[in-house]
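# A closer look at the structure
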Amino acid sequence: MRIVHKSTFRKRLAVFSVFLAVLALMTSVVGCQRYDVLVEKDQIAAQKWSDLEANLQRRYDLVPNLVAVVKASAKHEEQTLASVAEARARATSVQLKAEDLTDPEKVQAFQKAQEQLSGSLSRLLVVQEQYPDLKANQSFHSLQVQLEGIENRILRAREEYNQAAREYNAELLKIRGQVVNKATGQPFKPRVYFTASPEVQSAPKVAF
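Residues numbered from 1 in each chain as written. Predicted model: local features only at pLDDT ≥ 70, side-chain atom pairs only at ≥ 80, totals over all residues. Heavy atoms only, no water.

## Some thoughts on the packing of helix α3 (residues 104-126) against helix α5 (residues 138-173)
Contact geometry of α3 with α5 gives a least axis separation of 12 Å together with a crossing angle of 150°. Relative to α5, the element α3 is oriented roughly antiparallel. As for the relative orientation of α3 and α5, their crossing is left-handed in sense. Note on element contacts: α5 touches α3 through F140, Q144, L147 and E151, opposite S118, L121 and L125. A per-class count over the contact of α3 with α5 returns 4 nonpolar, 2 polar and 1 charged. (Axes fitted to C-alpha atoms, helices over the stretch in contact; angles between N-to-C directions. Helix = DSSP H or I, 4+ residues; strand = E, 2+ residues; numbered from the N terminus. Parallel < 35°, antiparallel > 145°, perpendicular 65-115°, else oblique. Left-handed = near helix turned anticlockwise from the far one by under 90°. Contact = heavy atoms within 4.5 Å. Nonpolar A, V, L, I, M, F, W, Y, C, P; charged D, E, K, R; others polar.)

Here is the structure:
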């Protein structure tokens, strides 16, 4: 029967302890790296959402000027102008905070308000064909062009946000992402994509 001396046993125990410590350290380092990846991708998505919000704000700011020009030239379009004003009011009242981007219901309400504004603006731009003064109004044409540019930027910003959200969600749903998320108390939640119905995805047409 082989007898292991206490000194030898202690040496082996020390080596094993060091091995466990190194393994724990490596696991911790890898875990921190994966956590940092999630944080980085989440922040990129947040930045893309801020870009989208900035473009939406530009559209909100443009609407009153557009309405004022139409009101001066197309005096019989009170109902159309009222619907635009109401849609803008609803769109600006439905705000999304950073934490709301993980709530499908809140995102859906936000999207609906934006779609209503897009629809009312499209109807407003059509009225120029019925009013010669409005059709010849250079200010109205300039506002149309600006609005088209903003709508295109909104579309691009929405696509860039969705791409960033997709990369973040993919990282979060991976096994390593789920492990890190659970180990840190699940501070990360999947982001909701910003989608729009087909009829409002194209920018209003500018017709001269």
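## A closer look at helix α6 (residues 175-183)
Each full turn of the α-helix corresponds to 3.6 residues, which orients residues three or four apart in the same direction. Within the sequence span of α6, burial applies to G177, V180 and N181. The buried residues of α6 occupy an angular sector of 100° when projected down its axis, which confines them to one face. Facing away from the buried side of α6 by over 90 degrees, the exposed positions are I175, V179, K182 and A183. Within two residues after α6, G185 carries a phi angle of roughly 90°, on the positive side. (Buried < 20%, exposed > 50% of the residue type's maximum accessible area, 1.4 Å probe, protein only. Arc of directions from axis to C-beta.)

## Description of the UniProt feature "coiled-coil region" (unreviewed entry) in the protein chain
Here the UniProt-annotated "coiled-coil region" (unreviewed entry) positions come out as residues 140-178. Across residues 140-178, the secondary structure splits into 97% helix and 0% strand, with the terminal C-alpha atoms separated by 53 Å. (UniProt positions renumbered as here; feature names shortened; annotations may be inferred.)

## Here we look at the environment of P187
Counting through the fold element by element, P187 comes out in the segment after α6. On the accessibility criterion, P187 (45% relative accessible area) is partly exposed. Considering only alpha carbons, one finds P187 and V39, 148 residues apart in sequence, at a separation of 10.0 Å. Those residues within four positions of P187 in sequence are excluded, and the remaining contacts are Y35 and N181.

## Details of the environment of V127
Within the secondary structure layout, V127 lies in the loop between α3 and α4 (132-135). Measuring from C-alpha to C-alpha, the distance between V127 and E77 comes to 8.1 Å, with 50 residues separating the pair along the chain. Ignoring any residue separated from it by four or fewer positions in sequence, one finds V127 in contact with V70, E77, T80 and L134.

## Topic: unusual backbone geometry
If you check the backbone angles, Q186 has positive phi at about 55° while not being a glycine. With respect to the helices and strands, the residue Q186 is situated in the segment after α6.

## Quick word on the nonpolar core
Core analysis: the largest hydrophobic core is formed by 39 residues, its most contacted members being W49, L66, V70, L124 and L134. Elements supplying a minimum of two residues to this core: α1 (6-73), α2 (78-93), α3 and α5. Looking at which element gives the most residues to this core, the answer is α1, with 11 residues. Beyond its immediate sequence surroundings of up to four residues, L134 is in contact with V69, V70, S73, A74, V127, Q128 and F140. The next biggest cluster of nonpolar side chains, apart from the first, holds 5 residues, and it includes L38, Y168, L172 and V180. (Core = buried A, V, L, I, M, F, W, Y, C linked by side-chain atoms within 4.5 Å.)

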